[in-house]
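Examining the three-dimensional arrangement
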Amino acid sequence: MSLLGPTWTALLYLAAAVLFIMALMGLNSPRTARRGNLVGAAGAVLGVATAFLSARLENIPWILAAIAVGTAVAAPVARRVKMTQMPQLVAAFNGVGGGAAALVALLELAHTDDAWVRLAIAFTLLVGAVSFAGSAVTFAKLQELMTTRPVVFPGLPVIMAGVLLAAVGAGVAVVLAGWLPQAVLLLVLGLAAGVLLVLPVGGADVPIVISLLNAFTGLAVAASGLVLGNVLLLVAGTLVGASGTILTRAMAAAMGRSVAGILFGAFRGGSTAGSTAVSERPVRSSNAEDVAVLLGYAQRVIIVPGYGLAVAQGQHTAAELAKALQMRGIQVDFAIHPVAGRMPGHMNVLLAEANVPYEELKEMTEINSEFKTADVALVVGANDVVNPAAKTSSGSPIYGMPILEVADARQVVFLKRSMRPGFAGIENELLYEPRTTLLFGDAKDSLTKVLGAVKAL
Amino acid sequence: MSLLGPTWTALLYLAAAVLFIMALMGLNSPRTARRGNLVGAAGAVLGVATAFLSARLENIPWILAAIAVGTAVAAPVARRVKMTQMPQLVAAFNGVGGGAAALVALLELAHTDDAWVRLAIAFTLLVGAVSFAGSAVTFAKLQELMTTRPVVFPGLPVIMAGVLLAAVGAGVAVVLAGWLPQAVLLLVLGLAAGVLLVLPVGGADVPIVISLLNAFTGLAVAASGLVLGNVLLLVAGTLVGASGTILTRAMAAAMGRSVAGILFGAFRGGSTAGSTAVSERPVRSSNAEDVAVLLGYAQRVIIVPGYGLAVAQGQHTAAELAKALQMRGIQVDFAIHPVAGRMPGHMNVLLAEANVPYEELKEMTEINSEFKTADVALVVGANDVVNPAAKTSSGSPIYGMPILEVADARQVVFLKRSMRPGFAGIENELLYEPRTTLLFGDAKDSLTKVLGAVKAL
Amino acid sequence: MDGISLLTITVLAVFVGFEVVSKVSSTLHTPLMSGANAIHGIILVGAIIVAGQASDPWVLAVALLAVVLATANLVGGFVVTDRMLEMFRGRSSGRSDREGPR
Amino acid sequence: MDGISLLTITVLAVFVGFEVVSKVSSTLHTPLMSGANAIHGIILVGAIIVAGQASDPWVLAVALLAVVLATANLVGGFVVTDRMLEMFRGRSSGRSDREGPR
Ligand SMILES: NC(=O)c1ccc[n+]([C@@H]2O[C@H](COP(=O)([O-])OP(=O)(O)OC[C@H]3O[C@@H](n4cnc5c(N)ncnc54)[C@H](OP(=O)(O)O)[C@@H]3O)[C@@H](O)[C@H]2O)c1
Ligand SMILES: NC(=O)c1ccc[n+]([C@@H]2O[C@H](COP(=O)([O-])OP(=O)(O)OC[C@H]3O[C@@H](n4cnc5c(N)ncnc54)[C@H](OP(=O)(O)O)[C@@H]3O)[C@@H](O)[C@H]2O)c1
C-alpha cells in the first residue's frame, strides 16, 4: 500500500527536516531546550510515518516487530541509565546508528547503477563501520570492560595505513563495478579502522572521540540521504555532522589542544594518559569545621565543580551546601568551565540533576571577572581547569587553555582525595600557595561534613 | 554561444550564492565587513559571468551596452552621494531592483505553461511594482521633492482595498490563462498600491518603509528565481527578504512600536508626525565656556549623538571634541542607541565617517550600566532616545522603547536649537531637571564653540 | 531529485547546521551531543525502506537488523535527552522564588 | 530543477538568511541594509537571460530597460556599501594607538 504520492512524501520529509532544525534551535536556551527535543521527536515520528505511508512496502509485520524490539531494548536503558554513564550511552547509540547506516548502504548497492550513488554508498559503508567499531571500543573503555589506558603497539601506524589502503582499493571496486563482496570487505575494513583509531586514545580523551564519531555517523547518514535521494536523511545527517564538528572543535579548543593531536598524538607515542604521581611538597590542609567557618562567614562564595564531584556523585550535597550558605545570606554561584568533567557541559548536567537552577551556573567568561570579589573559591574535585600553569608555563600540556581564575579569590579551598594531579597529569602550583587550604577526602564525604558543620554554626 | 553545460552552470550559480551568504556572514564584525562586501561583489560578478557563458544569448552587444549605461549612471552617484543622503539612495536602488524583477517576470510570462510558475510571475509583478513605486515615493519624500508629512485623504482605505481586489482579479487571470494584458494591468495596480502604501507614512517613519520595501524586492527576486529555476536568484532573494524582515522588526522594536501600526496607523488617522510645539517651561541654559569647564574637568564623559548631529553635519566636530578631551586624559565614549537618527545604525555610519574608531562606539546594552560612573553625559541633537517618558509614562507614544540612561550621569548637557521636541513629538522631562544644562544653537556651531573653549582651558 | 539539487540542499544544510549549532549555549553541550545523536537515528527511515523492498530472506534479515539498531538509536537518543533536559530548571521553574536569597 | 527541490532550497535559504542576518552586529545595520540591497541587484542575471532570448524589438527594449535598472541596483549598491564600510576603522587600523588615552 502506498497512500502518499511522491509530492506529498517529499513535503512531509521536508517538514520533518524543518522540525529537526527547530529542535536544534530550541537548544540555544535552557528554557526552550526540552520543548526543542520534543519537536525533534515529533520530526522523527513524522519521518517514520511518512516512510510507512509513501513506499510500497513488503514485510510490514516484520518491520514493526523490529521497531518494537529496538524500542524495548533502548527505552528502558535510556530511562534508567545513571547520568555518570551518559558518555557510554551516547557512544552506544552513536555506534548503532553508524552500523545501521552502513547496513542500509550495503543493501542499496543492488538497487543502483549510478557511479556517483555508489561513491556515496562506499563512503557510508566505510564511515558507518568506523563509527560503529570506534564507538564499540569507546563504550568498552568507558564501561571499563577493557583498560582505559591508551593501547599502543609497535607497527600500529603501519597496520592502520595498510587497512586504509585496502579500503581505498575495495572502495574503487565498489564504485566502478558495484561488487557486493568488495562492499562487505569495505565494511570489515571500516570496522578494523574504527578499532585501530580508538585503541590508542587515552580513556579521558574519549569524549572528544565520541563527539568526532558522532559527526562521522552524521556524515554517513547524510550520504545515505544522497543514496536514497531522501532530503530528510540528507538534512538530518548534515545537521549532526555540523554539530559534531563544532563540539569537537570546542572541546579541543577548551583543552588548548588540536583534534589531530588527540587522535594521532597517540600513534606517535602518547595520548595524555593522566600521570598519577603523588607530590611530596608540604601543603596546608584543614578540617571540615574550619572550612565551614571560612564559608559560613563569607559574603560571596564561588563553587568550582570538576570531575571529582562527578566521580564522587556529590552533586546533591554540593547543591544542599549552596542552599545552606544562601540561607545565611551568602551569595553563592557555581563557576562552570566548559571542559570540567569528562564531557562538554558535564557539570551543567550534573548540577541540573541536583536541581541547581541554571541561573546559578555561570559560564567561565561570565564569572571570571568576579573571583576578585569572592571571599572563598571552593574547588570541588577540579584541578586542571583551575591550574595557573595553563597561563604561565609554556611547556605544560594544558598551556593556552583558558582557566577559571580562582587565584583571584581571597581564599581558595580544594576538596580532593590526595595530592595526585588531574587528568592532564601535571602539578598545580595553586595547591601550595599560602591562600590555599586543602580538605582531603572523597568529595561527597567532605561536602557532607562541611554541610553539617555549616548548619551547626 | 554557450560555453558551459547545465551542470557547470548550476555549480557556478551555487558558488555565487555561497559567496552571497559569506558576504552577509562577514557583516557580523566591522573588521570583516568590508571584505565581506567584496566577497558579495565577487559573487555578483561570478553570477553575471555565468549568465553570459551558460545561455545561448542573442543581442549581446545591446546587453553589454545596457550594462554600461546602468553602471555609468549608478557608480558615480554611489561614489559621490553624501552620507546623509544614504536613505534616499538605498530607496532608489531598491526601487530599480524591484522594477527590474517585475519586468523580468512580465517577459517570462510568454515562456511558460505551468500554473505554479505563473503564480510566481504574478507575485513578482505585484510585489516588484509595489516596491518600485513605493520606493519612488519614499525617495521623493526624503529628497524633499514632495511634502514629508503624511498624505492622508478620506477614502484612502477604500481605494487601497479596491486596488488590491482588482490586483487579485488580475492575478487570477494571469495564473489561470497567462494573459499578457492582465499581467500589465497587475503591474499598474502594483504601482498604484505602492504609492498608496507609502503616501500616508510620515517622513520620519520612512526608514522602516525602506527596509520593508527592501524585503519586498528580495521576495520578488526570490520568486523570479522560482520562475527561471535559478538557484542564485532564489537564494539571494531569500537572503534579502530575511535581512529586510529582521531589520524592519528590529527598528520597530527599538522604537517600541509595531510594523503594522506604522504602516496602517496612518490609514486610521495619524502616523507619528513629529509635533513641533515649543514648551514655555523654564530651563537652565548655559554658554559654551561653562560647558567646556564641565567637560574639561570631568574624568569620564559619554557623548550621546542623535538625529540633530546628523542634520547639523557636526560629526567631525564631535570627533575632534572627543579627541581634545581624551588628550586631557578624560575617558570619552559614544553611546549609540539603535534607532538614534533616522536609519538603523545611522550614528555608527555618521561617526565612522568622522574617523571615530568603532571600539569607541558603544552599543546601548553595553554602556547603559556605565552612565552611573560618568561625570557628564553630553547629548548632541538627541531627544527621544534619552527620554525617560519611555519608562515612566505609559500613555506616551514611545512607552516601552529602551532608552539610554543618561539621567544616571552626574551632569547632563543637551545641545539643541530650541525647546522643540524630537521625532516622537513629546516633551522630555529630563530637560527640566536640576542636573541638566542646555546649550542652545545648531549642534555644529555649539560643538565648535565648546571645542574652542576646551582647547583654551 | 537530481544531483545538483541534492548538492545545493547539502550546501545550504551545512550553513544551517553550523549557524544553528554555533548558537547553542555551552551550558547545553551534553544535551546537544545526545540530541544530535538522536537525530541521526532517523536512518531508521532508510532501514524501513530497504526492509520493505527485501524479498530475499538474508537481505530481509540484514535490513531488520538495521531497523533494530536505528530504532535503538532514535528512541533511546530522544528519551535520554529528554531526561537530561528535564533536569534543567530555572529558579523554581516560576517566579515565586526570584526574591529568595541568592 | 523540480518544484520540490526549489521549495526545499527556499526553506533552507530562509533559515540561512535569518540565522546569518540575526548575527549581524547592530553597529552595521546601515551597511547591512545597503549591502542586502545590492544583493538583490543580482536580478540582473534574470534580465540578461530574458534580453538574450528576445527577438521582438519591444520585448528587447523592455528587457534592456530591466538590465539597466538591475545593473544600477547591483553596481551602485556594492559601491556605496564599500564606501560606507571603508569608513569603519578600528583604533588606527593597527595596534600602535592601543595604548593611547581613551
Ligand atoms: N569536559 C570534557 O569535555 C573533557 C573531555 C576530555 C578531557 N577533559 C579533560 O578533563 C579535565 C577536566 O578538568 P577537571 O578540573 O574537571 O578535572 P581534573 O583536572 O581531571 O581533576 C579532577 C580532580 O578531582 C579529584 N578527584 C577525583 N576523584 C575524586 C573524588 N571521588 N573526590 C574528591 N576529589 C576527587 C582528583 O584528585 P584526587 O585524585 O587527589 O582526588 C583531581 O584533582 C581537563 O584536563 C580536560 O581537558 C575534559
Ligand atoms: N534610526 C532609525 O532607524 C529611525 C527610523 C525612524 C524613526 N526613528 C525615530 O527617530 C527618533 C530618533 O531619536 P533621536 O533622539 O536621535 O532624535 P529626535 O528625538 O528626533 O531628536 C532630535 C533632536 O535634535 C535636535 N536638533 C535637530 N536639528 C538640530 C541641529 N541642527 N542642531 C542641534 N540640534 C538639532 C532637535 O531639537 P531642536 O529642534 O530643538 O534642535 C531634537 O531634540 C526616535 O524617535 C526614533 O524612533 C528612528
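To keep things clear, this report deals only with the structure shown in the data block. Note that the structure is a prediction, hence the values are computed from the model and not measured.

Attention now moves to the overall build of chain A. When helices and strands are tallied, chain A shows 17 helices and six strands. Here chain A has a C-alpha radius of gyration of 25 Å; the compact-globule value for 457 residues is 23 Å, and the two agree. Viewed in the frame of its principal axes, chain A has a C-alpha envelope of about 75 × 50 × 35 Å. In chain A, which comprises 457 residues, the proportion classed as buried is 58%. Summarising the internal contacts of chain A: among those between residues at least 6 apart in sequence, 78% fall at separations of at least 24. Carbon together with sulfur atoms contributes 64% to the accessible area of chain A, which is approximately 17700 Å² in total. Between the mean site of the 30 positive side-chain charges and the mean site of the 26 negative ones, chain A shows a separation of 2 Å.

In this section: the pattern of salt bridges. According to the stated counting rule, one finds 16 salt bridges over all chains in the structure shown. Where Glu433 of chain B meets Arg435 of chain B, a salt bridge forms, and the shortest distance between an N and an O atom there is 3.8 Å. Here the residues in one salt-bridge network are Arg300, Asp333, Lys362 and Glu370 of chain A, joined through shared partners.

The next thing to look at is the sheet that holds strand β1 (residues 300-305) of chain A. All names here are of chain A. A sheet is described by the order of its strands in space; here six strands give the open sequence β3-β2-β1-β4-β5-β6, paired in parallel fashion. A single partner strand is all that each edge strand has here, and the edge strands are β3 (361-363) and β6 (436-440). Between one strand axis and the next, the sheet turns through 25° on average, direction left out of account. Where strand β5 (residues 411-416) and β6 come together, five bridges link them in parallel fashion. Pairing of Val413 across the sheet is with Thr437, part of β6.

Once that is clear, we can look at the site of ligand 2. Residue and element names in this part refer to chain B. Arg342, Asn383, Asp384, Ser418 and Ala443 are the nearest of the 30 residues found near ligand 2. The backbone of Asn383 places a nitrogen or oxygen atom 2.7 Å from an oxygen atom of ligand 2. Within the backbone of Ala443, one N or O atom sits 2.7 Å away from a nitrogen atom of ligand 2. Contact with the protein chains hides 97% of the accessible area of ligand 2, taken as 910 Å² for the molecule alone. Secondary-structure elements contributing two or more residues to the shell around ligand 2 are α12 (307-312) and β5 (411-416).

With that settled, the discussion passes to the site of ligand 1. Residue and element names in this part refer to chain A. Taken together, 30 residues lie near ligand 1, and Asn383, Asp384, Arg417, Ser418 and Ala443 sit nearest. Between ligand 1 and Gly341 there is a distance of 2.9 Å, counted from an oxygen atom to a backbone nitrogen or oxygen. Here an oxygen atom of ligand 1 sits 2.7 Å away from a polar atom, N or O, in the main chain of Asn383. Look at ligand 1: alone it shows 920 Å² of surface, and the protein chains cover 97% of it. Those elements that place two or more of their residues in the shell around ligand 1 are α12 (307-312) and β5.

Mapped onto the elements, Ile63 of chain A comes out in helix α3 (residues 60-80). A relative accessible area of 0% places Ile63 of chain A in the buried class. Taking the C-alpha atoms as reference, Ile63 of chain A lies 60 Å from Ala292 of chain A; in sequence the two are 229 residues apart. Ignoring any residue separated from it by four or fewer positions in sequence, one finds Ile63 of chain A in contact with Phe52 and Glu58 of chain A together with Ile48, Ala51, Gly52, Leu64 and Val67 of chain C.

Attention now moves to the sheet that holds strand β1 (residues 300-305) of chain B. Residue and element names in this part refer to chain B. Strand order in this open sheet of six strands is β3-β2-β1-β4-β5-β6, and the pairing throughout is parallel. Only two strands of the sheet have a single neighbouring strand rather than two, namely β3 (361-363) and β6 (436-440). The sheet shows a mean angle of 25° between the axes of neighbouring strands, taken without regard to direction. Where strand β4 (residues 376-380) meets β5, five bridges bridge the pair, whose relative direction is parallel. Each bridged residue has a counterpart across the sheet, and for Leu378 the counterpart in β5 is Val413.

For the rest of this paragraph, the subject is unusual backbone geometry. Phi is positive for Asn59 of chain A, close to 60°, though the residue is something other than glycine. Tracing the chain through its elements places Asn59 of chain A in the loop between α2 (30-54) and α3. With a phi close to 65°, Asn355 of chain B is a non-glycine residue in the positive phi region. When you line up the elements, Asn355 of chain B lands in the loop between α14 (346-353) and β3. For Asn355 of chain B, a relative accessible area of 43% gives the class partly exposed.

Here we take up the interface of chain B and chain D. For an interface, size is often stated in terms of accessible area lost upon the parts coming together. Each partner contributes residues to the interface: chain B has 100 residues there, and chain D has 76 residues. Interface area, chain B with chain D, both sides summed: about 7900 Å², of which 76% is carbon and sulfur. Of all residues in chain B, Leu27, Arg34 and Leu107 of chain B give up the largest surface area on contact with chain D, accounting jointly for 8% of the area buried on that side. For the pair chain B and chain D, the number of links is one salt bridge. Residues Asp82 of chain D and Arg34 of chain B are paired through a salt bridge, measuring 2.9 Å at the closest nitrogen-oxygen approach. Residue contributions to the side of chain B that touches chain D peak at 16 residues, all from helix α9 (residues 231-254) of chain B. Across the side of chain B that touches chain D, the residue classes tally to 60 nonpolar, 27 polar and 13 charged.

Two numbers describe how helix α1 (residues 6-26) of chain A lies on helix α1 (residues 3-21) of chain D: the axes approach to 10 Å, and their chain directions differ by 15°. Between α1 of chain A and α1 of chain D, the interaxial angle falls into the category roughly parallel. Helix-helix and strand crossings are classified by hand; for α1 of chain A and α1 of chain D the assignment is right-handed. Residue-level inspection shows Thr7, Ala10, Leu11, Leu14, Val18, Ile21, Met22 and Met25 of chain A of α1 of chain A in contact with α1 of chain D, the latter providing Ile4, Leu7, Thr8, Val11, Leu12, Phe15 and Glu19 of chain D. A class-by-class count of the residues in the contact of α1 of chain A with α1 of chain D yields twelve nonpolar, two polar and one charged.

Cut-offs used in this document
Residues numbered from 1 in each chain as written. Chains lettered and ligands numbered in written order. Predicted model: local features only at pLDDT ≥ 70, side-chain atom pairs only at ≥ 80, totals over all residues. Heavy atoms only, no water. Helix = DSSP H or I, 4+ residues; strand = E, 2+ residues; numbered from the N terminus. Rg over C-alpha atoms; globule rule 2.2 N^0.38 Å. Buried < 20%, exposed > 50% of the residue type's maximum accessible area, 1.4 Å probe, protein only. Contact = heavy atoms within 4.5 Å. Areas by Shrake-Rupley, 256 points an atom, 1.4 Å probe, with all protein chains shown as cover. Lys, Arg positive; Asp, Glu negative; His and termini not counted. Charge placed at Lys NZ, Arg CZ, Asp CG, Glu CD. Salt bridge = Lys/Arg side-chain N within 4 Å of Asp/Glu carboxyl O. Pairing = 2+ DSSP bridges. Axes fitted to C-alpha atoms, helices over the stretch in contact; angles between N-to-C directions. Near = heavy atom within 4 Å. Polar contact = N/O pair within 3.5 Å; in protein donor to acceptor, adjacent residues only side chain to side chain. Buried area = accessible area lost by both parts, 1.4 Å probe. Nonpolar A, V, L, I, M, F, W, Y, C, P; charged D, E, K, R; others polar. Parallel < 35°, antiparallel > 145°, perpendicular 65-115°, else oblique. Left-handed = near helix turned anticlockwise from the far one by under 90°.

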